[in-house]
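Each chain, written out:
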Amino acid sequence: MIAEHHHVDAVQHEALRDIPAIARQIRDRVRESERLIILTHANPDADAVSSALGMAAICATIGVEPWMVTSGDASLPANLEFIPNAHRVTVLDPALIATADLIIFVDCSDEKRLGPLHASHGEDLERARNTINIDHHVTNTRFGALNLVVPSAAATAEIITEMFEALSIGVDRDCATTLLAGIYGDTLGLRTPSTTPATMRAAATLVEQGADLDVIVDQLFRLKPYSSVQLWAAALQQTKWTGPLIWTQIDQEMLDRAGATRAEAEGLVNFLAGTIGARASALLYLEPWGWRVSMRTLADDVDVARILSRFNGGGHPRAAGARLDPGDASRDEFLTAVAKALTVDDVSAPAINGNSDGYRS
Ligand SMILES: [Mn+2]
């Protein structure tokens, strides 16, 4: 166990040590570029926007003005509009791809994360030889011609913060707020297991450089529309237990009454997972075709991805989702099966789900 951890630490430190050398290579390629695109994933989150803007700020110090684009047609969520210059990240005009002499991908684990853009312009993307891939996802396919992939980083913004340091580029207040928003977004405010001492050091540096922590925490975690409060009130009112599983459900009527969207229910399953006595939580959304399920656990010996693999689901050991086709299982059959899986200890779990190994990382 201990040896394993030492091994992971060594690999992580090695990856972090690479940042200065690769950062210099990236700077050299940017310097030679005349038509540069910084591309991030569709449905951009705080880390996506922040990484694109942070990378653009590095380019600006070399006198290169890039286009910053997301690959999908989804516009920026309202709660990200506080990020300085966020409006400069626009939706990609696919015709630009063929004209670029350098594409820098940020926070994209693979080209498929580019969604519709990959479907419609995958060939153009593959023809673009001069590509740089800056990312922190463990699953990154290292698809770039030059890759700065640091799985031990909690956010791409953490890597970009280290690039500023490695290149001895100063971070102004706006850029500090931007980068810290990315780190806070992906770590839920330095709370996820992915948060490391290096993450905290990067965050501390950004606060020293004038990052506005207050606005970040308000916008990312505290402020919500009243419709969300009403939706949560209705959903919490209906909370039930099935064995060690705490769960609730949301249907269209509840959404209509609260005037809320489905997205507003997202934090609810995490909130329920922390209920003392629960082994896991589930949120069930009634869709026209059946139930969409989201599950969470805080228990180290529970793997919700493995449990949901029996219901065409998947994800991570602590957070996973599934689609319940009424032909496969009713809601109550599902709840009973999950409660049973949660009650059986890890040793006998494979008997319930024989081919579960693929879900263990
Ligand atoms: Mn990220």
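What you are looking at is a predicted structure, and each value in this text was computed from that prediction instead of being measured.

**Focus on the sheet that holds strand S12 (residues 319–324)**
By way of backbone hydrogen bonds, the strands of a sheet pair with one another, either parallel or antiparallel.
Then, in step 1: Taken together, the 6 strands give an open sheet; going across it, the order is S7-S8-S9-S10-S12-S11, and neighbouring strands pair in mixed fashion. Every other strand in the sheet has two partners, leaving strand S7 (240–242) and strand S11 (314–315) as the edge strands with one partner each.
Then, in step 2: Direction of pairing for S7 relative to strand S8 (residues 245–250): antiparallel, over a ladder of 3 bridges. Bridge assignment links Lys240 to a residue of S8, and that residue is Trp247.

**A short note on the packing of helix H5 (residues 156–166) against helix H7 (residues 197–208)**
Then, in step 1: Running from N to C, H5 and H7 point in directions that differ by 60 degrees, and their axes come no closer than 10 Å. Pair H5 / H7 crosses with left-handed handedness. Residues Glu158, Thr161 and Glu162 of H5 lie in contact with H7, whose contacting residues are Thr199, Ala202, Thr205 and Leu206.
Then, in step 2: Of the residues contributing to the contact of H5 with H7, the split by class is 2 nonpolar, 3 polar and 2 charged.

**Section: the pairing of S12**
Then, in step 1: Pairing geometry for strand S10 (residues 290–296) and S12, over 6 bridges, is antiparallel. Bridging across to S12, Arg296 finds its partner in Ala319.
Then, in step 2: In this sheet, S12 lies alongside S11 in antiparallel orientation, the contact comprising 2 bridges. Paired with Gly315 across the two strands is Ala320, which belongs to S12.

**Some details on helix H9 (residues 226–237)**
Then, in step 1: Between its first and last C-alpha, H9 extends 17 Å over 12 residues, near the 16 Å set by a 1.5 Å rise per residue.
Then, in step 2: Residues of H9 that are buried include every one of Ser228, Leu231, Trp232 and Ala235, and no others. When H9 is viewed along its axis, its buried side chains cluster within an angular range of 100 degrees and face the same direction. For H9, the exposed residues lying more than 90 degrees away from the buried face are Tyr226, Ala233 and Gln237.
Then, in step 3: Where H9 is buried, its residues meet S8, helix H10 (252–258) and helix H11 (268–273).

**Remarks on the sheet that holds strand S3 (residues 89–91)**
Then, in step 1: Strand order across the open sheet formed by 6 strands is S3-S2-S1-S4-S5-S6, with parallel pairing between neighbours. Two strands close off the open sheet at either side, each with one partner strand: S3 and strand S6 (146–149). Neighbouring strand axes in the sheet, compared pairwise and without regard to direction, differ in orientation by 25 degrees on average.
Then, in step 2: Of the pairings in the sheet, the one linking strand S1 (residues 36–40) to strand S2 (residues 67–70) comprises 4 bridges and is parallel in character. Bridge pairing links Leu39 to Val69 in S2.

**Structural notes on the nonpolar core**
Then, in step 1: Counting 57 residues, the largest nonpolar core has Ile38, Ala52, Met55, Ile104 and Leu180 as its most contacted members.
Then, in step 2: Setting aside residues up to four positions removed in sequence, Ala52 forms contacts with Ile38, Thr40, Met68, Val89 and Val106.
Then, in step 3: Ala235, Ala305, Phe311 and Phe334 belong to the second largest nonpolar core, which has 36 residues in total.

**A word on the confidence of the model for the chain**
Then, in step 1: Chain-level pLDDT for the chain is 87 on average; 86% of the residues reach the 70-or-more range.
Then, in step 2: Within the model, pLDDT remains below 50 along residues 1–14, and this stretch shows 1 contact once partners closer than five positions in the same chain are excluded.
Then, in step 3: The low-confidence segment residues 346–361, where pLDDT is below 50, has 15 contacts with residues more than four positions distant or belonging to other chains.

**Re helix H6 (residues 173–187)**
Each turn of an α-helix holds 3.6 residues, which means side chains three or four residues apart point in the same direction.
Then, in step 1: For H6, built from 15 residues, the straight-helix expectation of 21 Å at 1.5 Å per residue is met to within 8% by its first-to-last C-alpha distance of 21 Å.
Then, in step 2: In terms of burial, H6 is a largely internal element, 13 of the 15 residues being buried.
Then, in step 3: Of the residues trailing H6, Leu188 is marked for its positive phi of about 50 degrees.

Conventions adopted
Residues numbered from 1 in each chain as written. Predicted model: local features only at pLDDT ≥ 70, side-chain atom pairs only at ≥ 80, totals over all residues. Pairing = 2+ DSSP bridges. Helix = DSSP H or I, 4+ residues; strand = E, 2+ residues; numbered from the N terminus. Axes fitted to C-alpha atoms, helices over the stretch in contact; angles between N-to-C directions. Left-handed = near helix turned anticlockwise from the far one by under 90°. Contact = placed C-beta atoms within 7 Å. Nonpolar A, V, L, I, M, F, W, Y, C, P; charged D, E, K, R; others polar. Expected span 1.5 Å × (residues − 1). Buried ≥ 20, exposed ≤ 12 C-beta atoms within 10 Å, placed from the backbone. Arc of directions from axis to C-beta. Core = buried A, V, L, I, M, F, W, Y, C linked by C-beta atoms within 7 Å. pLDDT = per-residue confidence, 0-100.

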